[in-house]
Amino acid sequence: IGKIEAAEKIYTGILTNINKQNPPIRLSSLYNNLALTYHKLGKYDQFLDLQFQALQTAEESKNYSHQLEIFNNLFIYYKRNNDQINALEYLEKAESLALEKGSNQELGKIYISLGTSFRQFNQSFKKAFQYFAKAEDVLDPKNNSEHYNYLLIEQANTFEKQKKYSAAIKKYNEILSLTPEE
């Protein structure tokens, strides 16, 4: 925790100096990093305030990848707090942005998150698999192997929750078949 508290002091000091000197630095990154530090310290109000500042700054500077990152941070925060409405709101915003900017990798990650959310919040396995199918359509196992494997794991977990163990084993075997041998 000492390192987190030190990080808080460093980031707030940098932010103070930036506000005084106005150097060309990506403020959205600084806000985001300080927000994540506040989150780790349990200062959730400050976390949310800075995430929204980071989002506004990223939108103003048209930094789409950073907007997606912040939407994901907000999604994770609300999902962990079992706030389905806000969690899905930020995922849907991320989905719209990823569709607009044509980022298949990001879109695939978003679809996986939507699938796991519907599984978690609603026990809607059908809806979860619909989003997993969308993720499978946009992710390439060769170019997005990490995300594709994560998709397969989430599909297997969903089968397990339904007690469809043979289908889950097929997904795990698919992961093994995609894993390079050493």
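Everything that follows concerns the structure shown earlier in this document.
Residues numbered from 1 in each chain as written. Predicted model: local features only at pLDDT ≥ 70, side-chain atom pairs only at ≥ 80, totals over all residues. Heavy atoms only, no water.

**Q** An account of the pattern of salt bridges is requested, with residue identities and associated values reported.
**A** Per the stated rule, a full pass over the model turns up five salt bridges. Notably, a salt bridge pairs Glu100 with Lys101, separated by 3.3 Å at the nearest N-O pair. Of the charged contacts, one joins Glu106 and Lys109 as a salt bridge, the two residues approaching to 3.3 Å between their closest N and O atoms. Remark: Lys109 and Glu106 occur in helix α6 (residues 104-122); sequence separation between them is three residues, near one turn of the helix. (Salt bridge = Lys/Arg side-chain N within 4 Å of Asp/Glu carboxyl O. Helix = DSSP H or I, 4+ residues; strand = E, 2+ residues; numbered from the N terminus.)

**Q** Lay out the nonpolar core in plain terms, naming residues and giving numbers.
**A** Grouped together as the largest cluster of nonpolar side chains are 41 residues, with contacts concentrated most on Tyr78, Ile110, Tyr111 and Leu114. Elements with a minimum of two residues in this core: α2 (27-40), α3 (44-60), α4 (64-80), α5 (84-101), α6, α7 (125-138) and α8 (145-161). With residues up to four places along the chain from it excluded, the contact list for Tyr78 reads Leu48, Phe52, Asp83, Asn86, Ala87 and Tyr90. (Core = buried A, V, L, I, M, F, W, Y, C linked by side-chain atoms within 4.5 Å. Buried < 20%, exposed > 50% of the residue type's maximum accessible area, 1.4 Å probe, protein only. Contact = heavy atoms within 4.5 Å.)

**Q** I'd like to hear about the packing of α2 against α4, residue by residue, with values.
**A** Taken N-terminus to C-terminus, the directions of α2 and α4 make an angle of 15 degrees; their axes are 11 Å apart at the nearest point. Compared by their axis directions, α2 and α4 come out roughly parallel. The two elements α2 and α4 cross, and the hand of that crossing is left-handed. Contact residues: α2 offers Ser28, Ser29, Asn32, Leu36 and His39, while α4 offers His66, Glu69, Ile70, Asn73, Tyr77 and Arg80. Broken down by class, the residue content of the contact of α2 with α4 amounts to three nonpolar, six polar and two charged. (Axes fitted to C-alpha atoms, helices over the stretch in contact; angles between N-to-C directions. Parallel < 35°, antiparallel > 145°, perpendicular 65-115°, else oblique. Left-handed = near helix turned anticlockwise from the far one by under 90°. Nonpolar A, V, L, I, M, F, W, Y, C, P; charged D, E, K, R; others polar.)

**Q** So what's going on with helix α9 (residues 165-178)? Which residues, and what values?
**A** Between its first and last C-alpha atoms α9 spans 20 Å; for 14 residues at 1.5 Å apiece the expected length is 20 Å, and the two agree. When we look at burial in α9, the residues that qualify are Ala167, Ala168, Lys171 and Ile175. Taken end-on, α9 shows its buried residues confined to a sector of 105 degrees, consistent with a single buried face. For α9, exposure combined with an orientation more than 90 degrees from the buried face picks out Ser166, Lys170, Leu176 and Ser177. (Expected span 1.5 Å × (residues − 1). Arc of directions from axis to C-beta.)

**Q** Tell me about the side chain of Gln155, and name the residues and values.
**A** Counting through the fold element by element, Gln155 comes out in helix α8. On the basis of relative accessible area, Gln155 is assigned to the buried category, the value being 3%. Look past the residues within four positions of Gln155 in its chain and what remains in contact with it is Phe129, Phe132, Glu136 and Lys171.

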